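An overview of the molecular structure
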Amino acid sequence: MTNENKTRSKKKTNTRIVKKSANVPGQYLGYSLQGTRFLVKLLEAETGTAVSLEVFDDIGTENNSGKKIAEQGKSALVGNPIADRSKDLWKTFSNWIDSIKTGILDVNRTSFEIYVSHPKNGNIVRKFSDAKTIEEAKDAISFAKRELWGEAPEYEKKENVALSIQEYVSDVFLYDETTVYKLIQNFSLNCGSNSPQTDLRELMNKYLCPDEIIDYVLEWSLGWVKRKTDMLLEKSLPAIIQVNDFRSEVRSFIRKHDRRTILASVSISQDQDIIEGNLKELSTYIKQLELINSKYEDKYSAVNDFLRAGIDRSYWAENSLVHESSFDEFEDSLTREWSNSNEEIEIMHTDKSEIVRGKLLYLKCKRLEKHLEGLEVPDHFVPGCFHALSDERVIGWHPNYKTQLERD
């Protein structure tokens, strides 16, 4: 370890911690597109609206007057789901016509939407989306027929339509014209910015959440939506959540975790591979635990605490949630607590071996509760900071840790 690594400067502390982490703040990524879109609808919908999952469409909303929005979500990481000859596109419109036929959807009281996670386009779908009157809808259908079937009445290109979409295209072109025109009139295309989660973050910030805890609230909100819908589906009930219920829950959560009372963690428990990789590095703070014969589970937990505390510390500093000088004061306070506890144990447990005294000191420090700028910190933060101090050899658990480490 170089002298620079041992320097306890604020800048180096933040850099060191970030380097050892494989994650970044804002671990609300990885949830399905449906879950993300469901949360978007809960945030966007008016009071009194119900949002549903796989009830009358992928994501559905229904307000107090019975008006519905039926949304089909399309991921666009690969390919274009709304291209002129896309199976996804024509199957979607065919499914909507089936829902209208069976009475699930009333074409006069339903808005139909396709959401695509990335900016994509298609000539036909754009014509459909731009049609806001019945006449424009007629023109849009005529345009689509010319593109796929050719000019009426011969439709010379009809037989050349790919087998994968022939049935779906026919469902749209041959169904009752009045209904199809109304469907097109009520249809709109909505493309995301390339990142549904980024779009969601901006929406959450705009509508409900202070920026300083937005990642934490997003992670909780996505989890809450998933748990609620899963529980309903497990009971064979329709997965429907009332907007009022969701907003009540999320506002309570925000009030509870507002930075005036708590510094919310933006980190999550690290993956096993990351932790085991750090254990193999045998950093100084791990060697410190080995000096007191700590179990593997204790070292595993120590790595997780160390990395998570580093992520949180970096995020709080970068987002001005905590002044950088406060971290130095916090470390000084921990060092004083360690020194006092060390002296107390030396006096009260002279009959114990050095390893036992070291274990007692470690356990006492690990259980310590401290506030940062008067705010509560997550459970992993104090232990993680103690490990950071032990990594720099400012503190140690074994009574003769400096000698032991130098010998090692």
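Note that this is a predicted model, so its numbers are computed, not measured. (Residues numbered from 1 in each chain as written. Predicted model: local features only at pLDDT ≥ 70, side-chain atom pairs only at ≥ 80, totals over all residues. Heavy atoms only, no water.)

**Some thoughts on the overall build of the protein chain**
Applied cut-off: Think of it this way: any DSSP run of H or I at least four residues long counts as a helix, any run of E at least two long counts as a strand, and we number them from the N terminus. Only protein chains enter the accessibility calculation, which uses a 1.4 Å probe; a residue whose area is less than 20% of its type maximum is buried, one above 50% is exposed, and one in between is partly exposed. Note on contacts: a residue pair qualifies if any of its non-hydrogen atoms lie within 4.5 Å across the two residues. Method for areas: the Shrake-Rupley scheme with a 1.4 Å probe, in which residue coverage is limited to the protein chains shown. Counting rule for charge: Lys and Arg are taken as positive, Asp and Glu as negative, and neither His nor the chain ends is counted. Taken as the charge centre is NZ of Lys, CZ of Arg, CG of Asp or CD of Glu, depending on the residue.
Looking only at helices and strands, the protein chain features 18 helices and six strands. Based on the C-alpha atoms only, the size of the protein chain along its principal axes is roughly 100 × 45 × 40 Å. Taking all 408 residues of the protein chain together, the buried fraction comes to 49%. Across the protein chain, every contact between residues at least 6 apart in sequence was considered, and the portion connecting residues at least 24 apart equals 73%. Carbon and sulfur atoms make up 46% of the accessible area of the protein chain, which amounts to about 20200 Å² in all. Of the side-chain charges in the protein chain, 57 are positive and 66 negative, and the distance between the mean point of each set is 2 Å.

**What to know about the side chain of Ser99**
Among the structural elements, Ser99 can be located in helix H4 (residues 87-101). In this structure, Ser99 is in contact with Ile104 and Leu105, ignoring residues within four places of it in sequence.

**Observations concerning the sheet that holds strand S5 (residues 187-191)**
Going by this rule: Strand pairing is assigned whenever DSSP detects at least two bridges linking the two strands. Between N-to-C directions, angles span 0 to 180 degrees; the directions come from axes that are lines fitted to C-alpha atoms, helices contributing only their stretch in contact.
Taken in spatial order, the six strands line up as S5-S4-S3-S2-S1-S6 in an open sheet, and their pairing is mixed. Two strands lie at the open edges of the sheet, namely S5 and strand S6 (239-242), each paired on one side alone. Across the sheet, the mean angle separating the axes of adjacent strands is 20° when strand polarity is ignored. Summarising the sheet, strand S1 (residues 50-53) and strand S2 (residues 59-62) pair through four bridges and their orientation is antiparallel. Within the sheet, the bridge partner assigned to Ser52 lies in S2 and is Gly60. Packing of helix H11 (residues 243-257) onto the sheet brings it into contact with S1 and S6, and relative to S6 it is tilted by some 65°.

**A word on the packing of helix H15 (residues 324-348) against helix H17 (residues 381-391)**
To keep it simple, the criterion reads: When describing relative orientation, an angle under 35 degrees is termed roughly parallel and one over 145 degrees roughly antiparallel, while 65 to 115 degrees is termed roughly perpendicular and anything else oblique. Just so you know the grouping, Ala, Val, Leu, Ile, Met, Phe, Trp, Tyr, Cys and Pro go in nonpolar, Asp, Glu, Lys and Arg go in charged, and all remaining residues, Gly too, go in polar.
It is at 10 Å that the axes of H15 and H17 come closest, and there the two elements cross at 80°. Regarding the angle of H15 to H17, the classification is roughly perpendicular. Within the contact between the two elements, H15 uses Phe327, Phe330, Glu331, Leu334, Thr335 and Trp338 and H17 uses Phe381, Val382, Cys385, Phe386 and Leu389. The residue makeup of the contact of H15 with H17, split by class, is nine nonpolar, one polar and one charged.

**Describing the environment of Ile345**
Its place among the elements puts Ile345 in helix H15. Look past the residues within four positions of Ile345 in its chain and what remains in contact with it is Thr350, Arg357, Leu360 and Leu361.

**Comments concerning the pattern of salt bridges**
Put simply, the rule reads: We define a salt bridge as a side-chain nitrogen of Lys or Arg found within 4 Å of a carboxyl oxygen belonging to Asp or Glu.
Under the definition given, this model contains twelve salt bridges. Salt-bridge contacts for Lys299 lead to Glu290; the nearest nitrogen and oxygen are separated by 3.4 Å. When the shortest N-O distance is used, the salt bridge between Arg357 and Glu346 registers 3.1 Å. Placement of Arg357 in helix H16 (residues 354-366) and of Glu346 in helix H15 is noted, with a sequence separation of eleven residues between them. On the accessibility criterion, Arg357 (12% relative accessible area) is buried. What makes Glu346 partly exposed here is its relative accessible area of 30%. Taken together, the shared-partner salt bridges in this structure form one network comprising Arg37, Lys41, Glu71 and Glu113.

**Let's talk about the side chain of Arg247**
Short version of the rule: Whenever a nitrogen or oxygen atom comes within 3.5 Å of another N or O atom, the pair is scored as a polar contact, on the condition that within protein one atom can donate a hydrogen and the other can accept it, and that pairs from neighbouring residues in sequence are kept only if both atoms are in side chains.
Here Arg247 is to be found in helix H11. Of the polar contacts made by the side chain of Arg247, one reaches the backbone oxygen of Leu43; its length is 2.8 Å. Setting aside its immediate chain neighbours within four residues, Arg247 contacts Leu42, Leu43, Glu44, Ala45 and Thr47.

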